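Each chain is listed here by its residues.
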Amino acid sequence: MKDVFIKRFEYYKTLGDKSFLQLSEDQIFWQFNEESNSVAVIVKHIAGNMLSRWTDFLTTDGEKPGRKRDEEFVNTFSTKDEVLQYWEAGWKCLFDALNQINDENLHSIIYIRNEAHTVLDAVLRQLAHYPYHIGQIVYIAKMMKDQDWKTLSIARNRSEDFNLEMKNNFRLP
């Protein structure tokens, strides 16, 4: 089961990684208005959540006492490199935790903000949360890059070609 979780999270991480590659230093920090988040701030929130949720997740509440969630929505990064380092730290924490999941603890009870979850439910909860924000990152990046955006999925007007390629690559037995 953990292999399925890891595969899905790796896919969404890759979407973020490929978006960052297309963005300049300035674009990482751009925000539409005062109420919107920059890519840097979204990363700060995602990674902050990962570090809180997944550090010692089997034995401590997923909302760590030292987490300051509201501060995750204020940019404190100075460079794109700092943003990416924090992004990687969050993902490392998540993947290290996922590698601890096994058949014996998959249905164990863990806590997030004092609310009981099975490990399975906690993973599914985050599998909804992180892609939600990664979608925001992709959307912001795509808007900024406009015609220079390199698609991360099936290119516009190329669905039939893609489907044919998939059919040829993955023939049923």
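Higher on the page you've got the structure.
Residues numbered from 1 in each chain as written. Predicted model: local features only at pLDDT ≥ 70, side-chain atom pairs only at ≥ 80, totals over all residues. Heavy atoms only, no water.

Novice: Got a minute to help me understand the pairing of strand β2 (residues 115-118) in this structure?
Specialist: Regular strands have side chains that alternate between both faces of the sheet. Direction of pairing for strand β1 (residues 109-112) relative to β2: antiparallel, over a ladder of four bridges. Residue pairing for β2: I109 is matched across the bridge by T118. Where β1 hands over to β2, the hairpin turn is made up of two residues, of which R113 adopts a positive phi near 55 degrees. (Pairing = 2+ DSSP bridges. Helix = DSSP H or I, 4+ residues; strand = E, 2+ residues; numbered from the N terminus.)

Novice: Is there a simple way to think about the packing of helix α1 (residues 2-22) against helix α5 (residues 119-145) in this case?
Specialist: Any two packed helices are characterised by the angle at which their axes cross and by the distance between the axes. In contact at an axis separation of 9 Å, α1 and α5 are set at 20 degrees when each is read in the N-to-C sense. Here α1 lies roughly parallel to α5, going by the angle between them. Two packed elements cross with a definite hand, and for α1 against α5 that hand is left-handed. On α5, the residues that touch F5, R8, F9, Y12, K13, L15, G16, S19, F20 and Q22 of α1 are L120, V123, Q126, L127, Y130, P131, I134, I137, V138, A141 and K145. (Axes fitted to C-alpha atoms, helices over the stretch in contact; angles between N-to-C directions. Parallel < 35°, antiparallel > 145°, perpendicular 65-115°, else oblique. Left-handed = near helix turned anticlockwise from the far one by under 90°. Contact = heavy atoms within 4.5 Å.)

Novice: How should I be thinking about the side chain of S38 in this particular structure?
Specialist: Mapped onto the elements, S38 comes out in the loop between α2 (25-29) and α3 (39-54). With relative accessibility at 2%, the residue S38 sits in the buried group. (Buried < 20%, exposed > 50% of the residue type's maximum accessible area, 1.4 Å probe, protein only.)

Novice: How should the environment of E72 be read in this particular structure?
Specialist: If you trace the backbone, E72 turns up in the loop between α3 and α4 (80-98). Assessed through its relative accessible area of 6%, E72 is described here as buried. For E72 and L21, which are 51 residues apart along the polypeptide, the C-alpha to C-alpha distance reads 23 Å. With residues near it in sequence (within four places) discarded, E72 still touches V41, K44, H45, G48, N49 and R67.

Novice: For this particular structure, what's the right way to read unusual backbone geometry?
Specialist: Glycine aside, residues mostly have negative phi, and peptide bonds are mostly found in the trans state. Although it is not a glycine, R113 adopts a positive phi angle of roughly 55 degrees. Positionally, R113 belongs in the loop between β1 and β2. Phi is positive for D146, close to 50 degrees, though the residue is something other than glycine. For D146, a relative accessible area of 51% puts it in the exposed group.

Novice: Would you mind showing me how to read the packing of aromatic side chains here?
Specialist: Where two aromatic rings form a pair, the distance of their centres and the angle of their planes describe that pair. With the rule as written, the count across this model stands at 10 aromatic pairs. For the pair F9 and W91, a centre-to-centre distance of 6.4 Å together with 65 degrees between the ring planes defines the contact as edge-to-face. In this pair, F9 sits in helix α1 while W91 sits in helix α4, placing the two residues 82 residues apart along the sequence. Judged by its relative accessible area of 0%, F9 falls in the buried class. On the accessibility criterion, W91 (1% relative accessible area) is buried. Their ring planes at 75 degrees and their centres at 5.0 Å tell us that Y11 and Y12 sit as a pair that is edge-to-face. (Phe/Tyr/Trp six-rings, centres within 6.5 Å; stacked < 30°, edge-to-face > 60°.)

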